[in-house]
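Structure at a glance
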Amino acid sequence: MRSRYETARRILVFWTLFIGIGAVGGAAMMLLDPTGKTMGMDGMLPYFQVLPFAEVVFQDLTFSGFALLIVNGLTNLTAAGLLLARKKAGVTLGGIFGITLMLWICIQFYMFPPNFMSTAFFIFGFCQAATGYAAWVFRQQESFTVNMADYPHIGSDPTRLVVYFSRMGYGKKLACEEAERTGAALYEVRSSGRTEGTLGFWWCGRYGMHRWAMPIRPVEIDLSAYRHVTIVSPIWVFALAAPMRGFCQAAAGKIREADYILVHHTGGRHQNAAEEMDALLGLRHTGLRSYRCRMGSFQEIKD
């Protein structure tokens, strides 16, 4: 699967280089000719007089040139270097310096009349900050792994089964922990549609909003052979995940006893998802556990 983090990192490299090189160039022009007459920038000086200490530091463009060089130039080039070296700090700094650019432009909004250049660079700063945040999120998601070697007791009890669907691996971790605790066998529900990556996220969201069942690959085990089944499902758009809805439809009348584990990003228990699984399976669940998961950190939601 293509790495979303790598895509976001490359875009962030572009923004840091674009802003950094542009800022260094602008600062160089200010410092080479502090009067601003060579480049036609002298008309900016009267607008600086609304700022504090204008009579000391804003009589020419020297201070502004150094400020631009330090705040938006060297900082962004440093972030670009860290990103090219694949350092974690590059992602964080790249996003922060996008916010710094937006704050810089807010000062220009205060000083200058409305103009295209300031508006454009405010949008650039927002895009840089948003890309930095996306890269940080994708890096956290893609660094999350489940090592099956950590769960040696899975399958030691032939009467129990844990069924799970997991797009990002969070549900898989809960399923492995439950199977390790009870000795249950493990079975993964697989969608026959696309669920991976950014396009998969939006495709899954479409199913979630419409409360549709997503087609799944045929269930390859005899569910009736197990005394107890634990179903681990994510929550999509505040309801049961579409692939697990498809599984419950296929498993109707075949499961004797079940409890549920739900994983989501919100603070609710999502009793509605448990009730929907009961209706689809034709039983009444024996237990419900609900976990909020954010970037691989889990917190159980109590009644």
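Each remark here, short or long, concerns the structure printed above.
All of these numbers come straight from a predicted model, not from anything done at the bench.

Reading guide: rules and limits
Residues numbered from 1 in each chain as written. Predicted model: local features only at pLDDT ≥ 70, side-chain atom pairs only at ≥ 80, totals over all residues. Heavy atoms only, no water. Axes fitted to C-alpha atoms, helices over the stretch in contact; angles between N-to-C directions. Helix = DSSP H or I, 4+ residues; strand = E, 2+ residues; numbered from the N terminus. Parallel < 35°, antiparallel > 145°, perpendicular 65-115°, else oblique. Left-handed = near helix turned anticlockwise from the far one by under 90°. 1 Å grid on protein atoms, 1.4 Å probe; cavity = no way out; pocket = protein on both sides within 12 Å on 5 of 7 lines; lining within 4 Å. Points joined across faces, edges and corners; volume = space filled by probe spheres on them. Contact = heavy atoms within 4.5 Å. Salt bridge = Lys/Arg side-chain N within 4 Å of Asp/Glu carboxyl O. Buried < 20%, exposed > 50% of the residue type's maximum accessible area, 1.4 Å probe, protein only. Pairing = 2+ DSSP bridges. Right-handed = clockwise from strand over helix to strand, strands pointing away. Phe/Tyr/Trp six-rings, centres within 6.5 Å; stacked < 30°, edge-to-face > 60°.

Our focus in this paragraph is the packing of helix H5 (residues 88-111) against helix H6 (residues 116-142). Their axes nearest at 8 Å, the elements H5 and H6 cross at an angle of 160 degrees. The angle between the axes of H5 and H6 places the two elements in the roughly antiparallel class. Crossing angle aside, the handedness with which H5 passes H6 is left-handed.

So, on to the layout of surface pockets. The computed volume of the largest pocket comes to approximately 900 Å³. Gln141, Arg167, Met168, Phe201 and His265 are the residues nearest the centre of the largest pocket, which is lined by 33 residues in total. Of all the elements in the fold, those that place two or more residues in the lining of the largest pocket are H6, helix H7 (170-182), helix H8 (197-210), strand E3 (228-236), strand E5 (258-264) and strand E6 (288-294). The greatest single-element share of the lining of the largest pocket, amounting to seven residues, is contributed by H8.

Our next topic: the packing of helix H1 (residues 4-32) against H5. At a minimum axis separation of 10 Å, H1 and H5 run at an interaxial angle of 45 degrees. With respect to H5, the axis of H1 lies oblique. Where H1 crosses over H5, the handedness of that crossing is left-handed. Counted together, Tyr5, Leu12, Thr16 and Ile19 of H1 and Gly90, Val91, Gly94 and Leu101 of H5 form the full contact between these two elements.

Applying the stated criterion across every chain, the model contains nine salt bridges. Salt-bridge contacts for Arg86 lead to Glu6; the nearest nitrogen and oxygen are separated by 2.8 Å. With Arg86 in the loop between helix H4 (62-84) and H5 and Glu6 in helix H1, this residue pair connects regions lying 80 residues apart in the sequence. Linking Asp259 and Arg289 is a salt bridge whose minimum nitrogen-to-oxygen distance equals 3.2 Å. A residue pair is termed long-range when its members are at least 10 positions apart, and Asp259 in strand E5 and Arg289 in strand E6 qualify at 30 residues.

Taking every second residue as pointing to the same face, the buried face of strand E2 (residues 185-188) carries Ala185 and Tyr187, while none of Leu186 and Glu188 on the other face is buried. One ladder, built from four bridges, connects strand E1 (residues 160-164) with E2; its direction is parallel. Along E2, the bridge assignment pairs Val163 with Tyr187. After leaving E1, the chain enters H7 and then returns to the sheet as E2, a path that is right-handed.

Looking now at the pairing of E3. Among the nine residues that make up E3, nine are buried, leaving the element largely enclosed by the rest of the structure. Here E3 shows no split at all, with His228, Thr230, Val232, Pro234 and Trp236 on one side and Val229, Ile231, Ser233 and Ile235 on the other all buried. Where E1 lies against E3, five bridges are found, and the strand directions are parallel. In the sheet register, Val163 faces E3, and the bridge partner there is Ile231. Both E3 and E5 contribute to a ladder of six bridges, which runs parallel. Each bridged residue has a counterpart across the sheet, and for Pro234 the counterpart in E5 is Val263. Counting the residues that bridge the hairpin from E3 to strand E4 (residues 239-240) gives two residues, and of these Val237 lies at a positive phi of roughly 50 degrees.

Another point: the packing of aromatic side chains. All told, the structure shown has 16 aromatic pairs when counted by the stated rule. With a centroid separation of 5.5 Å and 85 degrees between ring planes, the pair formed by Tyr207 and Trp212 is classed as edge-to-face. Residue Trp212 is classed as partly exposed on the basis of its relative accessible area of 32%. These aromatic residues form a ring-pair network of at least three members: Phe14, Trp15, Phe18, Phe121 and Phe124.

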